[in-house]
Amino acid sequence: MEPSSRIAKARRRVRAARYAIGALAVAGFAVFGAAARDAHPATHHSVQAAQDNQAAQDDQSSDSFSFGTPSVGDSGSAVPQIQSSGS
Amino acid sequence: MTTFRSMGCTVELPEGADDRRVRALFDERDRRFSRFHPDSELSSLNRMPLGASFVSEELSRMLAHALRAARATGGLVTPAVGAAVVAAGYDDDFDRLPEDGPPVLPVRVPSLHALSLRGPLLVRAEPIELDLNCVVKGATVDDALALLGGGFVAAGGDVATSAPLVVGLPGGDAVTLHGGGLATSSVTKRRWRRGGEEQHHLIDPETGAPARVPWLDVTVAAGSCLAADVAAKAALLLGAAGPSWLDRRGLPGRFVDEQGDVHVNENWRQLVLLPLAA
């Protein structure tokens, strides 16, 4: 009887493993779906830029991108050390 | 001065600077964000331009820069111009572009409404080919300066410095950049022909074609090289409205028009010209 008992135990382990894999797959799919839904433009508005309205070029609400404080002045007659020739 | 080539331009560092880590940074960014390397992460992303995709931390960070820049410029400087740039003929390393080709058929630039980023998850609700040219070089110059721990880094006209640096400008003038960044956006450098007409790489999102603007070069100083580069591109694309757009953001801008005449905005006048006259 011992061999059949071992077989029965093995079958139970296989069954349990299958359930676990199935549950993990369902959970993974649900997490991915929720993340995709959260990131989808239709449900997430923080990235919605004002592109559709060029008047928004004057929108000062661009607080998440800092242009910072420029620090530039006259060069006197010094010879340029490098050239900003455009890109 | 220490120099090397990367990202299609010459990178300049102070004489004697340890360039190995900086060079590795530029080369790694070039491999990851180039539209022209078929095995780059950006190229892989553009081969499947619709739906949800997981991206690397580096790409997520650069996309976040690009989306913030797009919001700050009302969508003028946008990463959604990939298809339009290719349609304009810029579909290979500039050095390999043919001199001429078929006429450009403008491509609609997708709205940013269709683009969303949450950490590593990018969702495109309509096909969007991305072009991160708007932020990669500027951000890399800033990051390279941080790697060096000081001094300056310049790459193809974009500069970041932590100490006073005299920078030559298009047309022959010069300024002293005491810190932060300075960038020149230009339609004179990367030009090619399609249908017998001159093209360049700066796309007007309204038309989906290379912008037709009165400026050849726009130079802007800002708190960082990335900020200066984004502002210079926006000011160039805005045409006649560019100088006042920069003024409202407290940024000095210098504009060279098609006749070669130099124009400056009020902030440039205050910071650069008036101290000179005093």
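Predicted, not measured: the structure shown is a model, and the values here were computed from it. (Residues numbered from 1 in each chain as written. Chains lettered and ligands numbered in written order. Predicted model: local features only at pLDDT ≥ 70, side-chain atom pairs only at ≥ 80, totals over all residues.)

**Observations concerning the pairing of strand E7 (residues 158–161) of chain B**
All names here are of chain B. As a reminder, the rule being used: The burial criterion counts other C-beta atoms lying within 10 Å of a residue's C-beta, which is placed from the backbone; the residue is buried at 20 or more, exposed at 12 or fewer, and partly exposed between these limits. To qualify as a helix, a DSSP run of H or I must reach at least 4 residues; to qualify as a strand, a run of E must reach at least 2; elements of each kind are numbered from the N terminus. A strand pair is defined by DSSP finding two or more bridges across the two strands.
Side chains Asp-158 and Ala-160 project from E7 onto one buried face, and the interleaved Val-159 and Thr-161 project onto a second face that is buried too. Two successive antiparallel strands, strand E6 (residues 152–155) and E7, enclose a turn made up of 2 residues, where Gly-156 displays a positive phi of approximately 50 degrees. Here E7 pairs with strand E9 (residues 174–186) via 4 bridges, running antiparallel. Bridge pairing in E9 links Val-159 to Leu-182.

**A short note on the packing of helix H5 (residues 136–148) of chain B against helix H6 (residues 225–237) of chain B**
In a pair of packed helices, the angle between the axes and the distance between the axes together describe the arrangement. Residues and elements named next belong to chain B. Operational definition: Working convention: axes come from line fits to C-alpha atoms, limited for helices to the stretch in contact. Angles between N-to-C directions cover 0 to 180 degrees. Each angle is binned into one of four classes, with values under 35 degrees roughly parallel, values over 145 roughly antiparallel, values of 65 to 115 roughly perpendicular, and all other values oblique. By convention the crossing between two helices is left-handed if the near helix lies anticlockwise of the far one by an angle smaller than a right angle, and right-handed if it lies clockwise. Contacts here follow a simple rule: the backbone-placed C-beta atoms of the two residues must lie within 7 Å. The nonpolar class holds Ala, Val, Leu, Ile, Met, Phe, Trp, Tyr, Cys and Pro. Asp, Glu, Lys and Arg form the charged class, and all remaining residues, Gly among them, are polar.
Running from amino to carboxyl end, H5 crosses H6 at an angle of 160 degrees, the nearest separation of the two axes being 7 Å. By the criterion of interaxial angle, the relationship of H5 to H6 is roughly antiparallel. Every pair of crossing elements has a handedness; the one defined by H5 and H6 is right-handed. Mapping the contact onto sequence places Lys-137, Gly-138, Ala-139, Val-141 and Asp-142 in H5 and Cys-225, Leu-226, Asp-229 and Val-230 in H6. Taken together, the residues that form the contact of H5 with H6 break down as 5 nonpolar, 1 polar and 3 charged.

**Here we look at the sheet that holds strand E3 (residues 51–54) of chain B**
Residues and elements named next belong to chain B. Ordered in space as E3-E5-E4, the 3 strands form an open sheet in which the pairing is antiparallel. Because the sheet does not close on itself, it has two edges, and the strands there are E3 and strand E4 (115–118). The average undirected angle you get between the axes of adjacent strands in this sheet is 15 degrees. The pairing of E4 with strand E5 (residues 121–124) spans 4 bridges and is classified as antiparallel. Each bridged residue has a counterpart across the sheet, and for Leu-117 the counterpart in E5 is Leu-122.

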